[in-house]
Structures are given as structure tokens and as C-alpha cells.
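Observations on the three-dimensional arrangement
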Amino acid sequence: MITNHLLLFVVIIIILDSAVPLLTGVSQNDSAGIASSSNSDGKILRRTKRGWMWNTFVIMEEYTGSLDQYVGKLHSDKDRGDGSVKYVLSGEGAGMVFEINATSGDIHAKKRLDREAKAFYTLRAQAVNRFTGQPLEDWSNFTIKVHDINDNEPKFSKETFVATVPEMSDVGTMVIQVTASDADDEDYGNSAKLVYSILQGQPYFSVDPSNGIIRTALPNMIRENREKYQVVIQAKDMAGQMGGLSGTTVVNITLQDVNNSPPRFPHTAYHLSVPESAQVGSPVGRIKANDADVGRNAEMRYTITSGDGHDMFSVVTDGETQEAIITVKKPLDFEGKRLYQLKVDVTNAYLDPRFLHMGPFTDSATVRITVQDVDEPPVFTRNPYIIEVQEDTLAGSSIGMVTARDPDADNHPVRYTIDRYTDLERLFNIDSINGTIYTLQSLDREMSKWHNISIAASEINNAGQITRVPVFIKVLDINDNAPEFAMFYETFVCENVKAGQLIQTISAVDTDEPLVGHKFAFSLHNPNFTLIDNEDNTARILTRRGGFNRREMSLYLLPVVISDNDYPIQSSTSTLTVRVCACDSDGNVRSCSTEALLLSAGLSTGALVAILLCIIILLMIVVLFAALRRQRKKEPLIISKEDVRDNVVSYNDEGGGEEDTQAFDIGTLRNPEVMDTNKLWGVKDITLFHPHVTCLHHSETLVTLLQLIFHIDNTIFSFFLSFFFFFTSNNAFQP
């Protein structure tokens, strides 16, 4: 290492010595510094040699000396050595990294430099008169280049790489390329020239020294023997020579699986058992072949190639466990056959043609299946049953039969029942011995076209063995319903209608369903209207005459007879209501209501409202007086004709003395009811301290308020008021 540095230092000194004529310029202002020549015209041309010009200085990086590192010297031809010339330095690092002696022009580096941080510096220098500051030389640019040394080791982009390569690969198969970088100068020496080598991983892998490509070095590496390898790669600079710096990285290599291992059954024969009651599709058992490969290469397919159970069983592959699942293909019967034998083959799902020579990639095994006997439930001869019955079938009639048997060798008797949850209305019953189905009620197709019931058959000796079968009962139609109007019709006829005018088109419906379809006939017998059958299950209603009058007849009821064509023929009479209405000249209805008739009679709507309000007011007054009379707490002052001592009469009329017998009737003083009548008919100045008088006084006030509130016509109001007082004056409300 020290020897290399000394050699490098000697080389630099030689370069510096050879560069002195370039680094140091001397002004040639005398005649010797002038070159002359003549042109074709005989004129003399003069060129002055420049003495103030530099190109490049070179300085070593990572200098470790105690003194500042010397870079170079600047000198002007105008410097006579008398100290009158001053050298000035500026540019990158001037004053901080590089320092110049203003008198001698020597340049030194004040700091330790790192080429990897900055490879060169660009500066410029000028010579000026120390005393006057006038420039003696123009600014001159130059570069200080930092010379590289091997101070950086190679570095890989990752500390650990991961790679894969298929197993059984040929020698030289590329695995991965790993590269390192060196921060040293690639253009100078071998400091950045790298060489790759493998430190760990032989003899399985090798590495290309120049580019770091890792390749397989052994043939037929088998993943099943060893799957993972760890390889250590070194990168060394100085072209791999002694003394160079180095770096390492780890490469983890995994062998990828290929389909080079055939599947094999661990046994040549297997024995399974299954109960005879096993449903179709239910599993019988599992067998599995082994394959040393993994993933896609270990996927297998199983098939049944031969055996007497080829039609009774099937085999599928479990995608997760790669097991063969043998399932029931057809119903089993212990009494029919008790033992089956199968030959099951296995093969890889995906074969690799490159490794077929390592086969065969198939294997086979024998599977014996024993059928176990179980106590089976009864079996119906059909499933389901469909029974047809006429809707007029009488209750208690037989409509069909179901049959079940015990499939076991003992052949136990069977008992039949109806699941009542499927026959909540209890329309049917069944004979528990022979399975005959009866009706308990008459059936109506228009209520329900189908009846779905469930019948259970169980062994008499073992009630737990039950089998159910659905029975669909279809109710056949008979013509037992008469046709009727398809909808409710609102029909009207104008008063000014003409004879033969169409007023309504009618149609009919029938809940029965004849095989040949519906065909209805319509008929009508009426002197005012006629009917025409359209022969398409519709009919037209027309007028026989014109000149209808609402006052004479406002409503016509037409009995329309509708009959069908099925057997037996059914007919019905539907009533069509026709209203007589007032229409304009275009036949548009203006009014069909009763109010229009009243308006034509001359009684206005306001009059009808006034009459209604008066009746309501009268009822209110009657109720009010009845309530006031019930609240009376004292008896009348005059109980009999003899008790007149406490009666006081106050009036404002002057009499003629004892002989004036026409002014008043003393009987009036004794009869308050007469006084009440006089009060009502104009005697307003007499105030009687009597309950009747007080009530009448308050009623007048109430009536006046009601008249003001409702604005009732005075004539109508006086009529009802007189009617009311007539009843009150005749003790109509005496308690």
C-alpha cells in the first residue's frame, strides 16, 4: 500500500516538473519576446508572446501532512522582485480552501480535500500594483484538479439479494446479476476497476469476474434434495490485485420446482365401506397418492378405469388436499349387491415434456367397497303423485291411491297418514292400510284449483322409519257458475236522445273454464231499450225511442239475461241501471242530480239553506228552554185562586177609579200564563216576578242575537217564532 502511494507521488512530481512552463508565465516585453514576419505586401506583422497564462494545477486528495499542501506558483513577467506586484486570487474555494501569497504568488491548500466530494476547482488570478492598485495583468482563469487515490471500497446496491432458478437446470444457466460501484475515479488508474469472485456457494454456482452474473455450476440440481442455497459474492477494486479494497454481498438462491416427480400410491389396495342408505353424491372415503413436487406440479387427477362398481361410484379430486374422494353415483341396495371393486388411476394434471423420460407419471390402486345393511324406510312406487278429481265429487268418494313398500328383506307392513299441516281444512283422508285417498268435503274449483298434500308411509314395527311423498290433487272444472257482468256499469241516457242511440256496451265473465272457451248469449226485453248481441261475448244497449223526461222517470232498471254454452247451461240476470240526464246539443251530460230538479221547480239553494238553518235554530231554542225549566228551584207564587196575597203587579196605566172596569181584567193578575201571552203579543212594559216572564224575557234576547248572527229572513223567522210561542203558551214545556 505504501509502495503504491510512493510511486504515485513520484509520478505526480514528474508531472509537476513537466508542467512548470505551463503553470508559470513570464512576461516577454523586450525585443526577444517579439516575433516578426512579413506578409505578401511587405508589411511587418508583430505578435507578443503571452507570459500570464495557466492551465491546470494538480493536488493530491486526502493529504495527511502537518503543513499546508503546496499547489503551485503564479508569476508575472512584470514582477521585478521589488515587492511592488501583488497577486490576487478569486473563485471556488479562494480564501477558504486555497490561499495565495500576495507577494510570491505561491498557492497552498488549507484543508484536506476529497475528490469524491469535489473533483476540481475553477479559480482566476490577477496581478496589480501594490501601491496604486492598478492592474498589471488581466484576470486569468485556471483549474485545480484533485488527484484521486484508492480510498473507497466497492459497494453493492443491496446487502442481500434473492434469486430463483428452476431445478434440473443446465450448467451455465443465469441466476442473477449483482453489481457493485466504486466512488473512486474510473478514468485514472485501477482504483475503480472491479473484479467479482465467489467466496461461498461452490461448487453449485459461479460468478463472472467482469460483470457479476451468477450462473449454475452443477447439472441436475434437484429441489427435493436441497431447495435453498446461500452464495457470497465479493467485488474487489485495483483489478483484483493485492492491496485493493473489496466489498461483499449475500445472494439467497431458491430452486424452483419442476414436474420431475411422478405421483405414486403408498398402497396397492384400499378397503372402504358405505351404508346402503347413503344418498347419491355422499362421500364413501378418500385415498391419496404422493407427489414430491409442490404447487401446480403436484396437482393430480383421479379416474375410475375399471371394476364392477364403475357405474355405482364416481371419483373427484380435492383441490386443496389432492385427495381422491370416492362418492355414491347411484342408490345402493344391500339386498341387491354387497361388494364392489374399483381400479383407480392417478396422473399429474400438468406434465412437463422435458422430464417425461423420468416417468411414467401415472399409478393405479385397487379399491374394494362393502355395502352395509341398514333398516330403510318405506319406498313409494311413484314420486310425486298427481290425482285428478271432478269438483262435484261427493264427500266420502275415493279419488286415488298411493303405494309404498319396505325395501328390506323382512318387508314389514306399511301404515299411511296425511300430514295435517298440509291439509289444514281437512278436505281429504287416507286409508292407513291400503293407501286409498278419500274426500271429506266437496271441492270447489273456483275456490282452489290445486290441493297439495303430503302423505307419510312408516313401518308398523318401526315408526321412526318414515317416508313422505307429495300428492298434487287437481280439481277439474264443471259448469256450475253462471256468467255475470264483467264490471259495474254507470249508464246514462240523455233526455233529448234519439231512437237507436248506443248508450252502453256490456261484457260478461264466468269463473268456470270450459275446454272450448267461453261463449255468452245476451237478451233483454224492455219497451224503452233494446239489446244487440255482438257475438264476441259483448253486447250493445240502444234506445228504442227518444224523448226521455227526468220528471216522469229518472231511473230505468234493465234486466239483462246472460247465459253460457257449456253443459249444463247456466244463466243469470244482471241489472243495468240507466239514469236519465240533461245533456246539451252535442250529447254531453250537464246534470243528473236531484238538485237540478229542485232548481227547475223554482226553489233556490239559498232558500234551502235558510230552511235548514231555521230548523236547527228552532231545535236549539227548544233544548234551551227545556234546560231552563229543569233548573227552576222555586214553586210558582200562585198555587190556587185563593192565594193572591203576595202577588204584586206594577203597571204604568192610569185608571178611572172604581167605576173603570175596562182598563184591565183582575183575572190577568191571577193567571201568569195569560200575562205571558200578552207579553209575547205586545205587552212589553209589564214586568212580572214570575219564572215564566223571566224565561220569555231571556228568550227574546237570545232569539234577537241568533237573528243578527245568521241574518235569517224576517218572514221565515217570524213564522217559526210564532210556532214556538204557540206551544209555550199552551204549557207545552210544563214539567
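Residues numbered from 1 in each chain as written. Predicted model: local features only at pLDDT ≥ 70, side-chain atom pairs only at ≥ 80, totals over all residues. Heavy atoms only, no water.

Labelled according to an unreviewed UniProt entry, the chain appears under the name Cadherin domain-containing protein, originating from Denticeps clupeoides. Within the UniProt record for the chain, the comment given under Subcellular location (unreviewed entry) is "Cell membrane". (UniProt positions renumbered as here; feature names shortened; annotations may be inferred.)

The next point concerns a negative patch on the surface. A contiguous patch of negative charge on the surface is contributed by D333, E335, D373, D375 and D410. In this fold, D375 is placed in the loop between β25 (362-372) and β26 (379-380). Judged by relative accessible area, D375 falls into the partly exposed class, the value being 35%. (Patch = residues over 30% accessible without salt bridge, like charges linked within 9 Å, V, L, I, M, F, W, Y side chains within 5 Å. Areas by Shrake-Rupley, 256 points an atom, 1.4 Å probe, with all protein chains shown as cover. Salt bridge = Lys/Arg side-chain N within 4 Å of Asp/Glu carboxyl O. Lys, Arg positive; Asp, Glu negative; His and termini not counted. Charge placed at Lys NZ, Arg CZ, Asp CG, Glu CD. Helix = DSSP H or I, 4+ residues; strand = E, 2+ residues; numbered from the N terminus. Buried < 20%, exposed > 50% of the residue type's maximum accessible area, 1.4 Å probe, protein only.)

What follows is about the nonpolar core. One broad rule of soluble globular proteins: the nonpolar side chains tend to lie buried together. Formed by 27 residues in total, the largest nonpolar core has its most connected members in F265, Y302, F313, I326, V367 and I369. Setting aside anything within four residues of it in sequence, one finds V367 in contact with Y270, L272, I287, I326, Y340, Q341, L342 and V344. Residues F485, C494, L524 and F548 belong to the second largest nonpolar core, which totals 24 residues. (Core = buried A, V, L, I, M, F, W, Y, C linked by side-chain atoms within 4.5 Å. Contact = heavy atoms within 4.5 Å.)

Right, let's talk about the sheet that holds strand β20 (residues 283-287) for a bit. An order of β20-β23-β22 is seen for the three strands of this open sheet, with the pairing classed as antiparallel. With one partner strand each, in any of the chains shown, β20 and β22 (313-317) form the two edges of the open sheet. Direction aside, neighbouring strands of the sheet carry axes that sit 25 degrees apart on average. With four bridges connecting them, β20 and strand β23 (residues 324-328) associate as antiparallel partners. Bridging across to β23, R286 finds its partner in I325. (Pairing = 2+ DSSP bridges. Axes fitted to C-alpha atoms, helices over the stretch in contact; angles between N-to-C directions.)

It is worth spelling out the state of the cysteines at this point. Across all of its chains, the model carries two disulfides by this definition. The disulfide that involves C494 links it to C583, with 2.0 Å between the sulfurs. Since a negative S-S torsion denotes a left-handed disulfide, the C494-C583 link at about -80 degrees is left-handed. Here the residue C494 occupies a position in strand β36 (residues 491-494), and C583 occupies one in strand β42 (residues 571-583), the gap between them amounting to 89 residues. (Disulfide = S-S within 2.5 Å.)

Turning next to the pairing of β42. Where β36 meets β42, four bridges bridge the pair, whose relative direction is parallel. Bridge pairing links C494 to C581 in β42. Bridge count for strand β41 (residues 555-563) against β42 is nine bridges, and the pairing is antiparallel. When the sheet's bridge partners are listed, V561 is paired in β42 with T573. Note: β42 against strand β43 (residues 589-591), two bridges, orientation antiparallel. Opposite A582, over in β43, you have S591 as the bridge partner. Taken together, β42 and the strand that follows it, β43, pair antiparallel across an intervening segment of five residues, in which G587 is found at a positive phi of about 90 degrees.

Judged by pairing direction, the sheet is antiparallel, and its three strands sit side by side in the order β12-β16-β15 without closing on themselves. The strands lining the two open edges of the sheet, one partner per strand, are β12 (174-177) and β15 (205-207). In this sheet, adjacent strand axes meet at a mean angle of 25 degrees when their direction is disregarded. Pairing of β15 with strand β16 (residues 213-216), which is carried by three bridges, proceeds in the antiparallel orientation. Directly across from F205, in β16, lies its bridge partner T216.

A cluster of nonpolar side chains, namely I611, I615 and L619, defines an oily patch on the protein surface of about 260 Å² accessible area. Owing to a relative accessible area of 52%, L619 belongs among the exposed residues under this scheme.

Turning to unusual backbone geometry, a few remarks are in order. Here the bond from Q202 into P203 is cis, since omega is 5 degrees, no more than 30 degrees from zero. Here P203 lies in the loop between β14 (195-200) and β15. Cis peptide bonds are those with omega within 30 degrees of zero, and the linkage from N383 to P384 qualifies with 5 degrees. Tracing the backbone shows P384 in the loop between β26 and β27 (385-390). A positive phi is found at M238, a non-glycine position, where the angle reads about 55 degrees. Tracing the backbone shows M238 in the loop between β17 (228-236) and β18 (246-256).

What follows covers the packing of aromatic side chains. Applying the stated criterion across every chain, the model contains 13 aromatic pairs. Arranged with centres 5.6 Å apart and planes meeting at 75 degrees, the rings of F205 and Y229 form a pair that is edge-to-face. A residue pair is termed long-range when its members are at least 10 positions apart, and F205 in strand β15 and Y229 in strand β17 qualify at 24 residues. The same class applies to F205 and to Y229, which are both buried. Centre to centre, the rings of F485 and Y489 are 5.3 Å apart; their planes meet at 85 degrees, and the pair counts as edge-to-face. On the basis of relative accessible area, Y489 is assigned to the buried category, the value being 8%. Of note, K118 hangs over the ring of Y121, and the distance from its end group to the ring centre comes to 5.4 Å. The lysine or arginine in question, R545, covers the ring of F548, its NZ or CZ lying 4.1 Å from the ring centre. (Phe/Tyr/Trp six-rings, centres within 6.5 Å; stacked < 30°, edge-to-face > 60°. Lys NZ or Arg CZ within 6 Å of the ring centre and 35° of its normal.)

On to the side chain of N526. The topology assignment puts N526 in the loop between β38 (521-524) and β39 (529-533). There is a polar contact of 2.9 Å between the side chain of N526 and the backbone nitrogen of N528. (Polar contact = N/O pair within 3.5 Å; in protein donor to acceptor, adjacent residues only side chain to side chain.)

Turning our attention to the environment of S104. Structurally, the position occupied by S104 is in the loop between β6 (98-100) and β7 (106-109). Its relative accessible area of 21% is what places S104 among the partly exposed residues. Separated by 17 residues in the primary sequence, S104 and Y87 have C-alpha atoms spaced 7.8 Å apart. Once residues within four sequence positions are removed from consideration, S104 is found in contact with K73, L74 and Y87.

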